[in-house]
Amino acid sequence: MTDRLVLVINCGSSSLKFALRSESATKPLLSGLAERLGTPEGVMNWKAGDNGERIQIRDGKHSTAMASLLPLIERFAEQPLTAVGHRVVHGGEHFTGARIIDDEVITAIEDSSPLAPLHNPAQLVGINAAMKVFTTIPHVAIFDTAFHQSMPPHAYRYALPEELYTEHGVRRYGFHGTSHRFVSSQASLLMGLEPGHGAWLTAHLGNGCSTCAILDGRSLDTSMGLTPLEGLVMGTRSGDVDPNLHSHLARTLGWDLERIDNMLNRESGLLGLSGLSNDMRTLVTARAEGHAGATLAVEVFCYRLARSLAGLAVALPRIDGVIFTGGIGENSPLVRELTVRHLALFGLAIDPAANATPPGNPARQVQMAGSPAILVIPTDEERQITEECLALLDLATTQPVEQEA
Ligand code: AMP
């Protein structure tokens, strides 16, 4: 079989991230980011091996950015594209896996938009633009929420009146599913288990952060909920707070919903705690120089992360390993060390030498002898999206795809 190619698209309201992936290569053939879309300063940076360029997107349109991909793909792809894979943040309860995009899927993404008002509409813009440029190949949607649809009701239901769930979809959905799925399957390979098998606690720690309990490739619980605000401390997001905080701030300070939303999503987390930065690198450096806010932010981050992992452990029959991934999880020995220190109760202990980040940052084990595995596994959501796209197309050629939406 020839090496099939997938164009992976991740579209935001003002950005369009893309990568041309082949089935077998671990690195993209072409990748880039269009930014400041929706403004006259739209710009796209791309790179392919040693080649790269900055292109102006003068009308700032997603469709123009998408159209400028076509000649690049013709230049760097060795054969025609097989599919376009679109990352979609929220699939509600409609989707348990990837789906070939048709009218029904588009309607279901629209229906889920109230649950992700910043993301789903932008991703629909990207899908429409891409379908006009790449007209002859299948477009596939891969949902951040789909992996977590295997959670049982006792994990996904809030203790709220039932009609909020049945009539309005208020439940825990979870996000970062593509990353949690990818690193857990890599962990099975790394530990020599049967493909896809194992009982894992995963921590995806980037600008957004979430944890997940995974048994044999199925998500059983995760830290994010109805929206990606629930759970861990993140770059600028608060994670869990007392649900009465909204009414408290409204009553005592007269804050409206928009102000509270903005504070919880954009001014909190590492940034709010440290008063310095949302960037873990900056905080690790400032902590070493004795900055009190940075020290507190790192400590709260690690304690809350450990508490989340410990809580999720109840979803599993045993722990085959704890997996760290994402920009922070892959690159911060300090965060891994401080977090694991809080998990001594589980017999987890980290080996300081193995934990130090080596050049190239390969997937590796960093536990002491006798401890359950502690794994550092670089995530690759684009590769996971490519694999899911191609697996779906293979399935579609051998049997009709079941309709879920
Ligand atoms: P991501 O969203 O996965 O790209 O992750 C972004 C986060 O990773 C930011 O908070 C970065 O500061 C953090 N990060 C990247 N490299 C390092 C590092 N060497 N040490 C600590 N944090 C890092």
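Just above, that's the structure.
Everything in this summary refers to the structure shown in the same document.

**As for the nonpolar core**
Phase 1 of the analysis: Leu201, Leu205, Met280, Phe301, Leu305, Phe324 and Val335 are the most contacted members of the largest nonpolar core, which totals 42 residues.
Phase 2 of the analysis: At the level of elements, strand E9 (199-205), strand E10 (209-215), helix H11 (280-288), helix H12 (292-312), strand E12 (321-325), helix H14 (333-341) and strand E14 (373-376) are the ones that each hand at least two residues to this core.
Phase 3 of the analysis: A per-element tally of this core places H12 first, with nine residues.
Phase 4 of the analysis: Apart from the residues lying within four places of it in its own chain, the contact partners of Met280 are Leu270, Val298, Phe301, Ile328 and Val335.
Phase 5 of the analysis: Core analysis: the second largest hydrophobic core is formed by 27 residues, Leu20, Ala48, Leu69 and Ile73 among them.

**Quick look at unusual backbone geometry**
Phase 1 of the analysis: For Arg36, which is not a glycine, the phi torsion comes out positive at approximately 55°.
Phase 2 of the analysis: Its location among the elements puts Arg36 in the loop between strand E3 (30-35) and strand E4 (42-48).
Phase 3 of the analysis: The exposure class of Arg36 is partly exposed, given its relative accessible area of 42%.
Phase 4 of the analysis: Residue Asn361 is not a glycine yet carries a positive backbone phi of 45°.
Phase 5 of the analysis: Along the polypeptide, Asn361 turns up in the loop between helix H15 (352-355) and strand E13 (364-365).

**A look at the sheet that holds E9**
Phase 1 of the analysis: Spatially, six strands are ordered E11-E10-E9-E12-E14-E13 in an open sheet, and the strand pairing comes out mixed. In this open sheet, the two edge strands, each paired with only one partner strand, are strand E11 (218-222) and E13.
Phase 2 of the analysis: The pairing of E12 with E14 spans four bridges and is parallel. Residue Ile323 lies in a different strand from E14, and its bridge partner there is Leu375.
Phase 3 of the analysis: Against the sheet, helix H7 (residues 177-190) makes contact with E9, E10, E12, E13 and E14, and its axis sits at roughly 130° relative to E9, the strand it touches most.

**Considering the site of the ligand**
Phase 1 of the analysis: Taken together, the neighbourhood of the ligand is formed by Gly206, Asn207, Asn278, Asp279, Met280, Arg281, Gly326, Gly327, Ile328, Asn331 and Ser332.
Phase 2 of the analysis: With respect to the ligand, the backbone of Asn207 contributes an N or O atom lying 3.0 Å from an oxygen atom.
Phase 3 of the analysis: A distance of 3.0 Å separates an oxygen atom of the ligand from a polar backbone atom of Met280.
Phase 4 of the analysis: Contact with the protein chains covers 72% of the free accessible surface of the ligand, which is 500 Å².
Phase 5 of the analysis: Looking at the shell around the ligand, the element that brings in the most residues is helix H13 (residues 326-331), giving four residues.
Phase 6 of the analysis: Grouping the amino acids of the shell around the ligand by side-chain chemistry returns two nonpolar, seven polar and two charged.

Rules used throughout
Residues numbered from 1 in each chain as written. Predicted model: local features only at pLDDT ≥ 70, side-chain atom pairs only at ≥ 80, totals over all residues. Heavy atoms only, no water. Core = buried A, V, L, I, M, F, W, Y, C linked by side-chain atoms within 4.5 Å. Buried < 20%, exposed > 50% of the residue type's maximum accessible area, 1.4 Å probe, protein only. Helix = DSSP H or I, 4+ residues; strand = E, 2+ residues; numbered from the N terminus. Contact = heavy atoms within 4.5 Å. Pairing = 2+ DSSP bridges. Axes fitted to C-alpha atoms, helices over the stretch in contact; angles between N-to-C directions. Near = heavy atom within 4 Å. Polar contact = N/O pair within 3.5 Å; in protein donor to acceptor, adjacent residues only side chain to side chain. Areas by Shrake-Rupley, 256 points an atom, 1.4 Å probe, with all protein chains shown as cover. Nonpolar A, V, L, I, M, F, W, Y, C, P; charged D, E, K, R; others polar.

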